[in-house]
Amino acid sequence: MILQGKRVLITGSAKRAGAVIARRLAQAGCRIIIHCHTSVVEAEALRRELPGDGHRVISADLAAVCGVEKLIREAGAFEFLVNSAAIFHRPGSAEDLDAAETYRQINFLAPRRLLENFYEQALPGSAAVNITDAFALLPGSGAYWQSKRDLTDLTVKLAPLWAERQMRINAVAPGPVLPPLWAPESRMEKILQLVPLHAPASPEDLAETVAFLLGCASITGAVIPLDGGLTAAGVFSNR
């Protein structure tokens, strides 16, 4: 499938991996709807940087239901959706312990609502990619894990229904990609010891996988672990 000229909404795309996805899809000729919350300056800088024209910035708080509806109204119609926005606090921190509802809203309920609206549009050649988490493919617990597990399960569940409208939905489940916001200097040595390839997934590989899934008309219901062999090794299977 040709990506040229397709409109794509990418949540959480002002910075970090979301911005890399935006750049990759713009290079393929997509018109990008950059979603951000507070990072408006970064989002506008990214918009000016992207090749091509027709790119837009929308600021909306996905932690609030009204923010999700604002994004839906302002985004209008688009052929591709990438649910990239997510929240993850330092494990065991006060923020982490208090964030269960926020995890569920931003990591699962907001993407689900966006997917509902996207399905209602049913534009020809539509496709969605959810960014989940490789750890959600392994046994686990906690609010963050559950939110990403629910999004993973939703991806697989929706695929047959969407196929009736010739729409596709897939997911990418990355392992470690970038150091977390609460530890910007971290090289993630401890977590990478669990990864067979002993290296993080690059944001560029994540973006390339998203572009592939949007462009491949034969794949739906897939969850691709971009994790250096983490899930294949099943490192937590006995924990």
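Figured I'd write up the structure that's included with this text. (Residues numbered from 1 in each chain as written. Predicted model: local features only at pLDDT ≥ 70, side-chain atom pairs only at ≥ 80, totals over all residues. Heavy atoms only, no water.)

## A few points about the sheet that holds strand β7 (residues 223-226)
Pairing between the strands of a sheet comes from backbone hydrogen bonds, and it takes one of two forms, parallel or antiparallel.
Working step 1: Read across the sheet, seven strands follow the order β3-β2-β1-β4-β5-β6-β7 without closing on themselves; strand pairing throughout is parallel. Edge positions in the sheet fall to β3 (56-59) and β7, since each of these pairs with one other strand and no more. Each strand of the sheet is rotated relative to its neighbour by a mean of 15°, with strand direction disregarded.
Working step 2: As paired strands, strand β5 (residues 127-131) and strand β6 (residues 168-174) are joined by five bridges and run parallel to one another. Paired with Ala-128 across the strands is Ile-169, a residue of β6.
Working step 3: Sheet contacts for helix α1 (residues 16-27): β1 (7-10), β2 (31-36) and β4 (80-83); angle to β1, the most-contacted strand, approximately 175°. (Pairing = 2+ DSSP bridges. Helix = DSSP H or I, 4+ residues; strand = E, 2+ residues; numbered from the N terminus. Axes fitted to C-alpha atoms, helices over the stretch in contact; angles between N-to-C directions. Contact = heavy atoms within 4.5 Å.)

## A short note on unusual backbone geometry
Working step 1: Phi is positive for Arg-16, close to 55°, though the residue is something other than glycine.
Working step 2: If you trace the backbone, Arg-16 turns up in helix α1.
Working step 3: Arg-16 sits in the partly exposed class, given a relative accessible area of 37%.
Working step 4: Even without being glycine, Ala-122 reaches a positive phi, approximately 50°. (Buried < 20%, exposed > 50% of the residue type's maximum accessible area, 1.4 Å probe, protein only.)

## Observations concerning the side chain of Thr-152
Working step 1: Looking at the secondary structure, you find Thr-152 in helix α6 (residues 143-163).
Working step 2: Take Thr-152: its relative accessible area is 4%, and that puts it in the buried class.
Working step 3: If sequence neighbours within four positions are ignored, Thr-152 has contacts with Thr-132, Ala-136, Leu-137 and Val-223.

## Things to note about the packing of helix α5 (residues 100-121) against α6
Working step 1: Relative orientation of the contacting elements α5 and α6 amounts to 15°, with a least axis distance of 8 Å. As the angle between them shows, α5 and α6 are arranged roughly parallel. You can see that α5 and α6 cross each other, and the crossing is right-handed. Taking contact as the criterion, the partners of Ala-100, Tyr-103, Arg-104, Asn-107, Phe-108, Pro-111, Arg-112, Leu-115, Phe-118 and Tyr-119 in α5 are, on α6, Ala-143, Tyr-144, Ser-147, Lys-148, Asp-150, Leu-151, Leu-154, Leu-158, Leu-161 and Trp-162.
Working step 2: Its residues assigned to classes, the contact of α5 with α6 comprises 14 nonpolar, two polar and four charged. (Parallel < 35°, antiparallel > 145°, perpendicular 65-115°, else oblique. Left-handed = near helix turned anticlockwise from the far one by under 90°. Nonpolar A, V, L, I, M, F, W, Y, C, P; charged D, E, K, R; others polar.)

## Notes on α5
Working step 1: Taking 1.5 Å per residue, 22 residues should reach 32 Å; α5 reaches 31 Å between its end C-alpha atoms and fits that length.
Working step 2: In the structure, α5 departs most strongly from a straight axis at Leu-109, where the bend amounts to approximately 35° and where the proline Pro-111 lies between one and four residues downstream.
Working step 3: Along α5, the residues that are buried comprise Tyr-103, Gln-105, Ile-106, Asn-107, Phe-108, Ala-110, Pro-111, Leu-114, Leu-115, Asn-117, Phe-118 and Tyr-119.
Working step 4: Looking one or two residues past α5, Ala-122 carries a phi angle of roughly 50°, positive in sign. (Expected span 1.5 Å × (residues − 1). Bend = angle between axes of the 7 residues up to and from the residue.)

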